[in-house]
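Notes for the structure review
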Amino acid sequence: MWQTIWQKTWQKTWQKIWQKIWQKTWRKTLVVCLTGCCWLCWNQPSLAATLSNEAKVFHVLNRLGFGASPSSLEQVRSIGVEAYIQAQLHPSSIPESAILIDRLQQFETLQLSPTELLQQYRVLPTEVVESNANFKGLTPLDQATQAKLLRAISSPRQLEEVMVDFWYNHFNVASDKGLARYWVGVYERDAIRPYVFGKFRDLLGATAKHPAMLFYLDNWVNGISPRAARRGELDEVNENYAREVMELHTMGVGSGYTEQDVITLARIFTGWGFCQPRQFEDPNFCFNPKRHDPSNKIFLGTSIPGGGMEEGERALDILARHPATARYISDRLAQYFVADRPPESLVNRMAQTFQDTNGEIRAVLNTLFDSPEFWDPQVVGHKFKSPYQFMVAAVRSSGMDVKNARPIGSILQQLGMRLYGCPSPDGYKNTQDVWLSPYAITRRLDWVAVLATGRLPLTVDPPPLGERATRIERTPLAYQPLLDLLGSTLSTETQQLIEASPPRLRAAAVLGSPELMYR
Amino acid sequence: MKRRHFLHLALTATTSACAAQWVNARPTGSSRQNPANSSSQRLIVIMLRGAVDGLNVVVPYQEAAYYQLRETIAIPKPGQPDGAIDLDGFFGLHPALAPLQPLWQQQSLAFVHACGSPFFTRSHFDAQTYLENGTPGDKSTPAGWMNRLLAVLPNSSPVAAISVEPTLPRILQGSIPVINLPANGTLLQPLPLDTPAYRDLFNQLYQDAPQLHPIYQEGREARQILRRLISAADPENPILTANEIGRPTFANNARQLAALMVQEPQIQLAFMSIDGGWDTHVAQGGSTGALANQLRQLAEGLKVLVDGLGSIYAETTIVVFSEFGRTVQENLNRGTDHGYGNVLWLLGGKIRGGQVYGDWRGLATNELHQGRFLPITTDFRDPLSTLLQTHLHLDRSRLSQVFPDFTPQSQLDFLS
């Protein structure tokens, strides 16, 4: 795609320089220079010579974030690619946007605890809902969706938002299942967001104990029944969480564990549930020793003496430290950041970092961003955007001050990527085979065409639920700023076609250009 | 543009690192010039993602073990309160599926019990992959078997296959672009690409986009065909009424699909799914409850589909399947866990219905897979092969392109 243009431009420039140098018979000096260059390149593969600095700037904006906005482009250019990456890996070093913080305040459900959410929002009769001071029409799920979109669009901590997206899908909880609908937002707040760059073990532990996960993968009901045991009946444990934690969260399917390991792990997690399971008065994590199977166990070849909750902690330690986990997590990250089928060499080095640092996510990402594979011109601009990435990037590039993200929420729903809505525990995929289809392409183009007309009420305060947005002054997007921002990522052919098209269609043409379907 | 041209484009894209998805199946262009007259025959595949409990769908109510192992979730025998609907004196239908009873009586509904994908995995995702790519045990087959089927059918219309999902399911992914169209109202709204100005603009922009061009083109052409159906239509047109409801429930999707298939004879293959709700590890319920509610939704949707197909139901076969069955014994949470064998459903004008097919070996522990799971005595590709050969007139060599390395074992005689 567009990096080939860069290659061409670079080649041309290089040819000119070459001719000049040749003419001036600087051959000897040149040989020395070239040898030096080769040596440098050899020893610093991350500075692969084929990518221009401009191409690198866009690569980090596209992969470490949701695409270029006027301000983010300015920022990377001013501090440089390397410094930008390091800042993004340490989000607390980047001041959060004050306007964004202020806007997020309106989502009061994101300040509540899981218990409060149930008390205030769970299937209330209409009159209670109406008299509830906190109920402003938006459900906790709507609020979580809005907040997530506003953050992705305008937070300068772009990589943090990207990692929240990545880990949420990795530890997916679907809002469609029962009580989970009240908790997806606070699950992300409490169990995902604080850990996205930290120790994998902390992330694993936080998700394991969060009410949303306990409920979604049924571990709150996983326990032995003393009564059944007294009657001499065979008890069966619920293996749903145990299976997915091995298959999806840590080691990956087919990585060497057995069916017996799954059953053993389910037994280890018996008694991990809610404090008050019946009425959900206290849906916080509690370990109930009466429901725990205290027998001795052998899990993945390691003896775990029968005990209480520490068995589960021990099992999570084993899983987090397992080489298969290091590999699987590295593979998932490399697929998300590099290519649908990530290079083995890279996955191996990331897995090595994972093991060396005992699962330090930031370190694994450093290995990734420092790798020649990440900067490979074959990789740059070749990862097909998911609907979420595409829509957010389109809006970011417009530079609009988005106050109302509901229109983005609806198009995501139409394209099969309702936020927090992936029903199965493997979360939304990020690969082309899933998202590239005739319907998806034409629907994206239709949507950016509407976006370009200025018809979507994105920049006005959202209307109360169920009411239409107040009619807004339609300001079509100006195409020149878009072209100034994104032009260098478009091929010359595309740029020529855009300039030859009727001016009123040019903004849509930029946003809908084939190059921008990829990141 | 002819579909063979797409194939050519897809194949020429091999050099690009990311085009792998679209070229791996590599059907040859010439294979699509099959002269067999099959274009009026249609196939609809419905997948229940999450593993439905087949033993509570088609209930072996004469098996004592069924009631012993399912203390709280068993469906009572026919004739008892909330009992199963008797099918053949041995099996009974879940009472929530009552809307389908007339189809059974008219002998256009049949089941194959103890059927499934013969590679033992208890992972939903792996098992779904095998049902969709048609190569159990081999996850690396990237294309879906319905896409490979499309490649060997003579039908080259952009709408030859359609899915009413918001994304394109794996079963339809492959070298041939396939349109998906959820019943969310977008068919009705005039969209920018429907106007000549935007169409010209994007036609030009996508003209040389290597991977995207055939897909863009397919999307545009398919939409034009489908829009033409509704623009020519009267306000009573079922496509309009289906689409304006705007909520993509299973029944709405079914209504839209049926209406489209009736009005556009080129739609030959279709896919739908119900994702979620089947994975009843906890509080599955019996004649009422969680699974019953799911089944009611399915039965109502199927009824809508069959009614909507009207006269073309005679040329249509509907297959319903799910990635694996569930444990024969209920668990302590009054649910069931991941199992193995399941029941496959067959509906349609050509089905010799009113029968439960397959090799039923009972529920004694020694007959169960690993002592816990219903075994698979019929490979799901067996009944599908019969359908493809007899209903869609595929010869052996084309069949082997759809299901490579597979030889049908049991020829079930379920087609009339």
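Residues numbered from 1 in each chain as written. Chains lettered and ligands numbered in written order. Predicted model: local features only at pLDDT ≥ 70, side-chain atom pairs only at ≥ 80, totals over all residues. Heavy atoms only, no water.

**Concerning the overall build of chain A**
Regarding its fold elements, chain A presents 27 helices and 4 strands. Expressed as a percentage of the 519 residues in chain A, the buried residues total 58%. Considering only contacts within chain A whose residues lie at least 6 apart along the sequence, 71% involve residues at least 24 apart. Of the roughly 21,500 Å² that chain A leaves accessible, carbon and sulfur atoms contribute 54%. (Helix = DSSP H or I, 4+ residues; strand = E, 2+ residues; numbered from the N terminus. Buried < 20%, exposed > 50% of the residue type's maximum accessible area, 1.4 Å probe, protein only. Contact = heavy atoms within 4.5 Å. Areas by Shrake-Rupley, 256 points an atom, 1.4 Å probe, with all protein chains shown as cover.)

**Structural notes on the state of the cysteines**
All names here are of chain A. Considering all chains together, one arrives at 1 disulfide over all chains under this definition. Residue C275 pairs covalently with C286 via a disulfide, S to S 1.9 Å. When the S-S torsion is 85 degrees, as for the bridge of C275 with C286, the disulfide is right-handed. Residue C275 is found in the loop between β1 (272–274) and β2 (285–287), and its partner C286 is found in strand β2; the two are separated by 11 residues along the sequence. Accessibility expressed as a relative area gives 24% for C275, which makes it partly exposed. (Disulfide = S-S within 2.5 Å.)

**Here's the deal with the packing of helix α21 (residues 387–398) of chain A against helix α22 (residues 406–414) of chain A**
All names here are of chain A. Their axes nearest at 10 Å, the elements α21 and α22 cross at an angle of 150 degrees. Classed by the angle they form, the pair α21 and α22 counts as roughly antiparallel. In this structure, the crossing between α21 and α22 has a hand that is right-handed. Here P387, Y388, M391 and V395 of α21 lie close against α22, whose contacting residues are I408, I411 and L412. Looking at the contact of α21 with α22, its residues break down into 7 nonpolar, no polar and no charged. (Axes fitted to C-alpha atoms, helices over the stretch in contact; angles between N-to-C directions. Parallel < 35°, antiparallel > 145°, perpendicular 65-115°, else oblique. Left-handed = near helix turned anticlockwise from the far one by under 90°. Nonpolar A, V, L, I, M, F, W, Y, C, P; charged D, E, K, R; others polar.)

**So, the environment of R42 of chain B**
All names here are of chain B. Position of R42 relative to the elements: it lies in strand β1 (residues 42–49). Taking C-alpha positions, R42 is 7.6 Å from I267, a pair spaced 225 residues apart along the chain. In contact with R42, not counting residues within four places along its chain, are M261, E264, P265, I267, Q268, I312, E315, T316, T317 and H391. In this structure the side chain of R42 is engaged in a polar contact, spanning 3.4 Å, whose partner is the backbone oxygen of S40. (Polar contact = N/O pair within 3.5 Å; in protein donor to acceptor, adjacent residues only side chain to side chain.)

**A few points about the nonpolar core**
Formed by 242 residues in total, the largest nonpolar core has its most connected members in M163, W167 and F337 of chain A together with I318 and W345 of chain B. Discounting residues that sit within four places of it in the chain, I318 of chain B has contacts with I44, I46, L302, L305, V306, L309, Y313, W345, L346 and L347 of chain B. (Core = buried A, V, L, I, M, F, W, Y, C linked by side-chain atoms within 4.5 Å.)

**Here's the deal with the sheet that holds strand β2 (residues 58–60) of chain B**
Residue and element names in this part refer to chain B. The strand order across the open sheet built from 3 strands is β2-β4-β3, with neighbouring strands paired in antiparallel fashion. Sheet topology places β2 and β3 (85–86) at the edges, where each strand pairs with a single neighbour. Looking at chain direction, β3 and strand β4 (residues 91–93) are connected through 2 bridges and run antiparallel. Its bridge partner lying in β4, D86 is registered against G92. (Pairing = 2+ DSSP bridges.)

**What to know about the pairing of β1 of chain B**
All names here are of chain B. Taken across its 8 residues, β1 has 8 buried, putting it largely inside the fold. Judged by which residues are buried, β1 turns out to be covered on both faces: R42, I44, I46 and L48 on one side and L43, V45, M47 and R49 on the other are all buried. Here β1 runs beside strand β9 (residues 316–322); their pairing, made up of 7 bridges, is parallel. Directly across from I44, in β9, lies its bridge partner I318. Summarising the sheet, β1 and strand β8 (residues 269–275) pair through 7 bridges and their orientation is parallel. For R49, the partnering residue across the bridge sits in β8 and is D275.

**With respect to the side chain of R122 of chain B**
Within the secondary structure, R122 of chain B is located in the loop between β5 (109–116) and α5 (124–133). On the accessibility criterion, R122 of chain B (2% relative accessible area) is buried. Engagement of the side chain of R122 of chain B in a polar contact is seen with the side chain of E259 of chain A, the distance being 2.5 Å. Polar contacts involving the side chain of R122 of chain B include one to the main-chain carbonyl oxygen of H338 of chain B, which spans 2.7 Å. If sequence neighbours within four positions are ignored, R122 of chain B has contacts with E239, R243 and E259 of chain A together with F324, T327, D337, H338, G339, R372 and F373 of chain B.

**Here we look at the pattern of salt bridges**
Residues and elements named next belong to chain A. Considering all chains together, one arrives at 37 salt bridges over all chains under this definition. Between E360 and K199 there is a salt bridge, and its shortest N-O distance comes to 3.5 Å. One end of the pair, E360, is in the loop between α19 (344–356) and α20 (361–369); the other, K199, is in the loop between α11 (180–192) and α12 (200–209), with 161 residues separating them in the sequence. Residue classification places E360 among the partly exposed positions, given a relative accessible area of 25%. (Salt bridge = Lys/Arg side-chain N within 4 Å of Asp/Glu carboxyl O.)

**Focus: α22 of chain A**
Every buried residue of α22 of chain A is listed here: P407, I408, G409, I411, L412 and Q414 of chain A. Packed against the buried residues of α22 of chain A are α9 (140–154), α21 and α24 (438–453) of chain A.

**Thoughts on the side chain of Q88 of chain A**
Residues and elements named next belong to chain A. Relative to the helices and strands, Q88 resides in helix α5 (residues 81–89). Of note is the side chain of Q88, whose polar atom sits 3.0 Å from the backbone oxygen of P156. Within polar-contact distance, the side chain of Q88 engages the backbone nitrogen of L159 at 2.8 Å. The contact partners of Q88, leaving out residues within four places of it in the chain, are L64, I94, P156, R157, Q158, L159 and F197.

**Some words on the packing of aromatic side chains**
All names here are of chain A. Inspection of every chain in the model, using the stated rule, returns 36 aromatic pairs over all chains. The ring of W375 has K56 lying over it, and the distance from NZ or CZ to the ring centre is 5.7 Å. Sitting over the ring of Y336, R519 keeps its end group 5.2 Å from the ring centre. (Phe/Tyr/Trp six-rings, centres within 6.5 Å; stacked < 30°, edge-to-face > 60°. Lys NZ or Arg CZ within 6 Å of the ring centre and 35° of its normal.)

**Some remarks on the environment of N238 of chain A**
With respect to the helices, strands and loops of the structure, N238 of chain A is situated in the loop between α14 (226–230) and α15 (240–249). Once the C-alpha coordinates of N238 of chain A and G223 of chain A are considered, the two residues, 15 residues apart in sequence, prove to be 7.4 Å apart. Apart from the residues lying within four places of it in its own chain, the contact partners of N238 of chain A are L217, D218, N219, V221, N222 and A266 of chain A together with H281, V282, N331, N333 and D337 of chain B. Polar side-chain contacts of N238 of chain A include one of 3.0 Å to the backbone nitrogen of N240 of chain A.

**Regarding the pairing of β9 of chain B**
Residues and elements named next belong to chain B. Most of β9 sits inside the fold, with 7 of its 7 residues counted as buried. Here 4 bridges tie β9 to strand β10 (residues 342–348), and the two strands are oriented antiparallel to one another. Bridging from a neighbouring strand, V319 pairs with L346 of β10.

**Some thoughts on the packing of helix α18 (residues 323–337) of chain A against α20 of chain A**
Residue and element names in this part refer to chain A. Axis separation between α18 and α20 bottoms out at 11 Å; the angle between their running directions is 50 degrees. When the interaxial angle is binned, α18 and α20 end up oblique. As for how α18 packs across α20, the hand of that crossing is right-handed. From α18, S330, L333, A334 and F337 reach across to α20, where they touch V364, L365, L368 and F369.

**Regarding the confidence of the model for chain A**
With 84% of its residues at a pLDDT of 70 or more, chain A shows a mean pLDDT of 88. A low-confidence stretch, residues 28–48 of chain A (pLDDT under 50), is modelled with 9 contacts involving residues beyond four sequence positions or located in other chains. (pLDDT = per-residue confidence, 0-100.)

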